[in-house]
Amino acid sequence: MNLVRAFLDKLDPVTNLAGFSLAGFRDVFVESCQYVCIGVQVEVGMVMGLRTRLADVLAANWMLGKPAAFDFAVTSLLTSNNLFEASVTAGSAAFVTEVRKHQVSDRKCAELGWVSIPLEVETHGC
């Protein structure tokens with residue numbers, strides 16, 4: 001079974017993503033990785049000068065033998081920063097968050113030999 005199928009199977013089909021927490025998103029991903037035998041560590045990579053850690057989940061040997069630093073975010077469409085663009089373009093709030101996470105994390109992850117992979121979920125909650 002592949003990782004995407006395992007991840008989707010673990011999500012309840014009637015999950016209300018507005019109430020879906022960042023920890024819940026991360027935990028389902030971790031369980032899915034473990035199910036398909038991908039070794040992971042949780043909350044890794046606190047770096048001086050950054051207020052957050054680089055990886056909510058670090059998966060060993062992800063791409064060409066490099067670990068992958070998965071950085072999760074749950075983004076509300078209803079915040080003042082996202083509301084207008086989200087009403088016009090699907091996925092815009094997640095895209096803005098992804099770009100910001102790449103700007104903050106890519107260089108530091110590369111220095112550690114990691115691949116930076118932000119994962120976002122858009123919700124209708126604030």
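What comes next concerns the included structure. (Residues numbered from 1 in each chain as written. Predicted model: local features only at pLDDT ≥ 70, side-chain atom pairs only at ≥ 80, totals over all residues. Heavy atoms only, no water.)

**Looking at a nonpolar patch on the surface**
A surface patch of nonpolar side chains, about 350 Å² in accessible area, is lined by Trp62, Met63 and Leu64. Judged by relative accessible area, Trp62 falls into the partly exposed class, the value being 30%. (Patch = residues over 30% accessible without salt bridge, like charges linked within 9 Å, V, L, I, M, F, W, Y side chains within 5 Å. Areas by Shrake-Rupley, 256 points an atom, 1.4 Å probe, with all protein chains shown as cover. Salt bridge = Lys/Arg side-chain N within 4 Å of Asp/Glu carboxyl O. Buried < 20%, exposed > 50% of the residue type's maximum accessible area, 1.4 Å probe, protein only.)

**A look at the environment of Val30**
Considering the arrangement of structural elements, one finds Val30 in helix 2 (residues 22-35). Val30 gets classed as buried once you look at its relative accessible area, which sits at 9%. Separated by 28 residues in sequence, Val30 and Leu58 have C-alpha atoms that sit 9.5 Å apart. Ignoring any residue separated from it by four or fewer positions in sequence, one finds Val30 in contact with Val40, Val42 and Val57. (Helix = DSSP H or I, 4+ residues; strand = E, 2+ residues; numbered from the N terminus. Contact = heavy atoms within 4.5 Å.)

**Digging into the side chain of Thr97**
Following the sequence through the fold, Thr97 ends up in helix 4 (residues 92-111). On the basis of relative accessibility, which here comes to 7%, the residue Thr97 falls in the buried class.

**Concerning the pairing of strand 2 (residues 53-63)**
Here four bridges tie strand 2 to strand 3 (residues 66-76), and the two strands are oriented antiparallel to one another. Looking at the pairing, Leu58 lines up with Ala69 of strand 3. Hairpin connection, strand 2 to strand 3: the antiparallel pair is bridged by two residues, and Leu64 has positive phi, about 55°. (Pairing = 2+ DSSP bridges.)

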